[in-house]
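Below are the chains, spelled out letter by letter.
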Amino acid sequence: MNDYDYMNLAISLARSTLGQTSPNPSVGAVLVKDGRLVGTGVHLEAGTPHAEVHAIRSAGSSAKGATMFVTLEPCSHQGKTPPCADLIIASGIEKVFVATTDPNPLVAGKGIAKLRNAGIDVEVGLCREDALQLNEKFFHFIQTNTPFVTIKAGISLDGKIAAKSGDSKWITSPESRQDVHQLRHEHDGILVGINTILHDNPLLTTRRPRGGKNPIRIVLDTKLMMPISANVVQDRSAKTIIFTGNEIDLERKKELETLGVTVLPQDSPRIKVKEVLRTLGVLKIMSVLVEGGSEVHASFIEENAFQQIIAYIAPKIIGGSNAIPFVGGVGPELVKGGHQLHFTAIEHIGPDLKITAKPLTE
Ligand code: AOF
Ligand code: ZN
């Protein structure tokens, strides 16, 4: 095991908690002394001890003189828990490898400075790219106060999400559909348009083999057409928030609220995506998975309000000019008016391809 292997171990620990630490980042830490692993730790949930605390506790007296590998800069502030930097200093750790600094304004370099001032040797940047990718949702949220947005769609090779009748069952394979449950687990919110509710009556919950965290359900429903009988209203396994315009039936609003649904009318007849994201940020929703339909995708893309697109592409052609495209809306006159992205990952999932694309500026 070399330095790189130990940092990778810390990153793997952190990765195993993706989806369960929000609004905190996923962080892993390991302690090494005399070429032996003497401690491991991972942050499990917001409000509970940080990764460094678990690693130091597990090492006991071996922490003195050890080297720590941690995926994020140790905190220097008193938050829901005491500062990790103080504990690292008190425990006699001699050297700390930090994969990436913490952009949280409460920390932002102060943790590293504190360690160095105490005479600890700190090296920053080992496996930085992996550590940045691991916490991309946290980094985006802490810097913008709005959620990281993933647009997800299961599409045919010709870019359709449904046939002309609206039928969409099923374009992608069971393996791809299972993978989507991991995505739901890793996002705080799941957002759809009212047409998806009216057409598919989905539950929008996470069904992974060993269970998972249900995201908060968010529905864009301009005219408040949400049926009382909809699964997202009747099923209580996750919270549901409905964004509407300002021309809605107040009786229906009251009825939905009695059933535990939050209805948030906006101050204009139409819903503005950027406003929705600002409100979700205030609610500490760090990430949102946008799952359709076509017009909702278009509104996020037209507003440049997304950080990544994940497309599961099935080896199937649906065809037909009236089949439903992945992205609706009006579209630009010229190709150069389109949105330039770059592919960041390509994976085979069963018979399908899973392609991740991000805007060039991100
Ligand atoms: C670390 N190690 O394992 C994590 C850190 O309210 P608190 O006390 O939980 O602090 C939350 C902030 O601490 C969070 O926004 C992020 O900046 C940092 N998270 N820091 O040293 C950890 N999870
Ligand atoms: Zn900490």
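Structure shown above.
The sections below set out a description of the structure shown in this document.

## Structural notes on the coordination of the zinc ion (ligand 2)
Thinking step 1. Protein coordination at the zinc ion (ligand 2): the donors are H50 (ND1), C75 (SG) and C84 (SG), at 2.0 to 2.2 Å from the metal.
Thinking step 2. Coordination at the zinc ion (ligand 2) comes from four donor atoms whose angles at the metal span 102 to 117°, giving a geometry best classed as tetrahedral.
Thinking step 3. Motif for the zinc ion (ligand 2), donor spacing along one chain: H-x24-C-x8-C. The pair formed by C75 and C84 is uniform in burial state, with each residue classed as buried.

## Some thoughts on the sheet that holds strand β9 (residues 216-220)
Thinking step 1. With mixed pairing, the nine strands of this open sheet are ordered in space as β11-β10-β9-β8-β12-β6-β13-β16-β15. Each having just a single partner strand, β11 (262-265) and β15 (341-349) make up the two edges of the open sheet. For this sheet, the mean angle separating the axes of adjacent strands, direction not counted, is 20°.
Thinking step 2. Here β9 pairs with strand β10 (residues 240-244) via four bridges, running parallel. By the bridge assignment, V219 is partnered in β10 with I242.
Thinking step 3. Strands in contact with helix α11 (residues 273-282) are β6 (148-156), β8 (189-193), β9, β10, β11 and β12 (287-290); relative to β10, the strand with the most contacts, it is inclined by about 145°.

## Examining the site of ligand 1
Thinking step 1. The full set close to ligand 1 counts 18 residues, and H50, E52, K80, T81 and D102 are the nearest of them.
Thinking step 2. One nitrogen or oxygen atom from the main chain of A51 is found 2.9 Å from an oxygen atom belonging to ligand 1.
Thinking step 3. For ligand 1, an oxygen atom lies 2.7 Å from a polar atom in the side chain of E52.
Thinking step 4. Here ligand 1, which alone exposes 520 Å², has 96% of that area covered by the protein.
Thinking step 5. Class assignment of the residues belonging to the shell around ligand 1 gives a composition of seven nonpolar, seven polar and four charged.

## Regarding the state of the cysteines
Thinking step 1. Tallying each qualifying case throughout the model produces zero disulfides.
Thinking step 2. C127 forms no disulfide, and the closest cysteine sulfur to it belongs to C84, at a distance of 20 Å.
Thinking step 3. By relative accessible area, which is 12% here, C127 ends up buried.

## A short note on the packing of aromatic side chains
Thinking step 1. Taken as a whole and assessed by the stated rule, the structure comprises three aromatic pairs.
Thinking step 2. With centroids separated by 5.5 Å and ring planes inclined at 35°, the aromatic side chains of Y6 and F69 adopt a geometry described as tilted. Within this pair, whereas Y6 is found in helix α1 (residues 3-15), its partner F69 is found in strand β3 (residues 67-70), the two being separated by 63 residues in sequence. Both residues of the pair, Y6 and F69, count as buried.
Thinking step 3. Ring centres of F69 and F97 lie 4.8 Å apart, and the angle between their planes is 0°; this geometry places the pair in the stacked category. On the criterion of sequence distance, the pair formed by F69 in strand β3 and F97 in strand β4 (residues 95-98) is long-range, its members being 28 residues apart.
Thinking step 4. Overall, F69 belongs to the buried group, its relative accessible area being 2%.
Thinking step 5. Taken together, Y6, F69 and F97 form an aromatic cluster joined through their ring pairs.
Thinking step 6. We note R177 situated over the ring of W170; from NZ or CZ to the ring centre the distance is 4.0 Å.

Each value, and the rule that gives it
Residues numbered from 1 in each chain as written. Chains lettered and ligands numbered in written order. Predicted model: local features only at pLDDT ≥ 70, side-chain atom pairs only at ≥ 80, totals over all residues. Heavy atoms only, no water. Donors = N, O, S within 2.8 Å, 3.2 Å for Na, K, Ca; no water. Tetrahedral: all angles 85-135°; square planar, octahedral: opposite > 155°, others 65-115°. Buried < 20%, exposed > 50% of the residue type's maximum accessible area, 1.4 Å probe, protein only. Pairing = 2+ DSSP bridges. Helix = DSSP H or I, 4+ residues; strand = E, 2+ residues; numbered from the N terminus. Axes fitted to C-alpha atoms, helices over the stretch in contact; angles between N-to-C directions. Contact = heavy atoms within 4.5 Å. Near = heavy atom within 4 Å. Polar contact = N/O pair within 3.5 Å; in protein donor to acceptor, adjacent residues only side chain to side chain. Areas by Shrake-Rupley, 256 points an atom, 1.4 Å probe, with all protein chains shown as cover. Nonpolar A, V, L, I, M, F, W, Y, C, P; charged D, E, K, R; others polar. Disulfide = S-S within 2.5 Å. Phe/Tyr/Trp six-rings, centres within 6.5 Å; stacked < 30°, edge-to-face > 60°. Lys NZ or Arg CZ within 6 Å of the ring centre and 35° of its normal.

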